[in-house]
Amino acid sequence: MSSEVHPGSPAAPLTILVVDDQNASRVALSAELDRCGHRVLEADSADWALELFRRHRPDLVLLDVEMPGHDGYWAAREMRAAEPGGWTPIIFLSQRDQERDIWQAIEAGGDDYLIKPVLGMVLHAKLRAMHRLAQMRERLVLLSDELRSANAQLHELSTVDGLTGLMNRRALDESLHSELELARREQQPLTLMLCDVDHFKRFNDRQGHVEGDACLRQVAQLLRDTCRRPADRAARYGGEEFALLLPRTPRSGAMTYARALMRLVAQRQILHPDSPVAPHITLSGGITTCVPDASTTAEGLLLRADDALYTAKAQGRNRFFSYEMQMDTEEQRPQLPR
Ligand SMILES: [Mg+2]
């Protein structure tokens, strides 16, 4: 082998396992690698090679094909099996240069193939190439880890409202569809409420957007606090509009829930000096409750809740109106059905 310095050799020394039953060629190869600063492990049989591989986890394996007992193909397969998910480059060494050997070498888990006697220049070129591949693989593994966590973050971003931490509209839509299905299967009542902060534009105009955002966060917290059962969900529906999804909640229960929510809002006393309704923040809400049948759709529920919300506003705000009961939280008797 040539003894010139190969500037392209990997800067970091590698641990290289050299496997060859012929002493002369193994020693020559090892000497060349050692001269370049690599740490060399030597084996003269496939079994010993496997033992060293397991024990030392080399960065690279140079593996003779023909050996007494187990051959190089066997050793390669065993090495691949010994590092599931891992990948140590394996370069086969052979005196033969037939295409069939190359095919078999790659089949057995080899990455490349060198013809003996190995020329120093070729050997170093292969080492560089393998080193580059190993680095690329490392970067790929890192990259896929990063992608995985970025994906998880993206999913979170796509379902959580950034300002309030509640579910966003998209997540609500998903939940609404699945809860609707569940309620239909179990024949249980499902309640959907849409509510918004009364005269929120005036609040924003007077107090500014920073205070406006703080107000929305407080309302969000209130809604979160009222969701006592695990299946209850609060969502920011958009702007100053919020939604509550309450599985297994009948009409009367929804009214009770809404009254409790309004009491909580009143207790919190978030000041709203420009509101004609009250000196503090108030909510108007629309309620729809049904035991879903085949014709019930999520869109239909949203429309009814929105319709009821409109009625609550028309009747003076600071109240929740039930679409099905045609009454609001301020009155005790049902109105005439539409
Ligand atoms: Mg041999």
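Quick notes on the rules
Residues numbered from 1 in each chain as written. Predicted model: local features only at pLDDT ≥ 70, side-chain atom pairs only at ≥ 80, totals over all residues. Heavy atoms only, no water. UniProt positions renumbered as here; feature names shortened; annotations may be inferred. Donors = N, O, S within 2.8 Å, 3.2 Å for Na, K, Ca; no water. Buried < 20%, exposed > 50% of the residue type's maximum accessible area, 1.4 Å probe, protein only. Helix = DSSP H or I, 4+ residues; strand = E, 2+ residues; numbered from the N terminus. Pairing = 2+ DSSP bridges. Right-handed = clockwise from strand over helix to strand, strands pointing away. Contact = heavy atoms within 4.5 Å. Axes fitted to C-alpha atoms, helices over the stretch in contact; angles between N-to-C directions. Polar contact = N/O pair within 3.5 Å; in protein donor to acceptor, adjacent residues only side chain to side chain.

In the annotation of an unreviewed UniProt entry, the protein is listed under the name diguanylate cyclase and assigned to Roseateles asaccharophilus. Of the comments in the UniProt record for the protein, the one headed Catalytic activity (unreviewed entry) reads "2 GTP = 3',3'-c-di-GMP + 2 diphosphate".

Asker: Help me out: how do you make sense of the coordination of the magnesium ion in this one?
Answerer: In a perfect tetrahedron of four donors around a metal, the angles come out at 109.5 degrees. In a perfect octahedron of six, they are 90 or 180 degrees. All of the protein donors around the magnesium ion are D21 (OD), D64 (OD) and E66 (O); their distances to the metal are 2.0 to 2.2 Å. When the donor residues of the magnesium ion are listed from N- to C-terminus, their spacing reads D-x42-D-x1-E.

Asker: Would you explain the pairing of strand β3 (residues 60-64) in this entry?
Answerer: Regular strands show a simple pattern: their side chains alternate between the two faces of the sheet. Counting buried positions along β3 yields 5 of 5 residues, so the element is predominantly enclosed. Residues L60, L62 and D64 line one face of β3 and the alternating positions V61 and L63 line the opposite face, and both faces are buried. As paired strands, strand β1 (residues 15-19) and β3 are joined by 4 bridges and run parallel to one another. Bridging from a neighbouring strand, L17 pairs with V61 of β3. Direction of pairing for β3 relative to strand β4 (residues 90-94): parallel, over a ladder of 4 bridges. In the sheet register, D64 faces β4, and the bridge partner there is L93. In this fold, the crossover linking β3 to β4 by way of helix α3 (residues 72-82) has right-handed handedness.

Asker: Would you mind showing me how to read the sheet that holds strand β11 (residues 327-328) here?
Answerer: To summarise the sheet geometry, strands pair through backbone hydrogen bonds and adopt either a parallel or an antiparallel arrangement. Taking strand neighbours across the sheet as the criterion, the 6 strands line up as β7-β8-β6-β9-β10-β11 in an open arrangement whose pairing is mixed. Two strands in the sheet have a free side with no partner beyond their single neighbour: β7 (233-238) and β11. As defined by bridge partners, β7 adjoins strand β8 (residues 241-247) across 5 bridges and the pair is classed as antiparallel. When the bridges of β8 are listed, A234 appears paired with L244. Against the sheet, helix α9 (residues 251-268) engages β6 (190-197), β8, β9 (283-290), β10 (320-322) and β11, with an angle of about 165° to β9.

Asker: Can you walk me through the sheet that holds strand β2 (residues 39-43) in this structure?
Answerer: Strand order in this open sheet of 5 strands is β2-β1-β3-β4-β5, and the pairing throughout is parallel. Each edge of the open sheet carries a strand with a single partner, namely β2 and β5 (112-115). Across the sheet, the axes of successive neighbouring strands diverge by a mean angle of 20°, strand direction being ignored. Relative to β2, helix α1 (residues 23-35) is tilted by about 170°, and along the sheet it contacts β1, β2, β3 and β4.

Asker: Where do I start with the UniProt feature "modified residue: 4-aspartylphosphate" (unreviewed entry) in the protein in this structure?
Answerer: When the UniProt feature table is mapped onto this chain, "modified residue: 4-aspartylphosphate" (unreviewed entry) is found at D64. Mapped onto the secondary structure, D64 falls in strand β3. Note on D64: relative accessible area 3%, which makes it buried. When residues no more than four places from it in sequence are discounted, the contact partners of D64 are V19, D20, D21, G72, L93 and K116.

Asker: Looking at this structure, I do not really get the environment of L303. What am I missing?
Answerer: Turning to its location among the elements, L303 is positioned in helix α10 (residues 298-314). According to the relative accessible area criterion, L303 is exposed, its value standing at 63%. Along the backbone, L303 and V160 are 143 residues apart, and their C-alpha atoms lie at a distance of 23 Å.

Asker: Whenever I open this one, the side chain of T282 confuses me. Can you help?
Answerer: You can see T282 is positioned in the loop between α9 and β9. Within the local environment of T282, its side chain forms a polar contact with the side chain of D198, the two groups lying 2.7 Å apart. Residues in contact with T282, not counting those within four places in the same chain, are D196, V197, D198, V265, V277 and N318.

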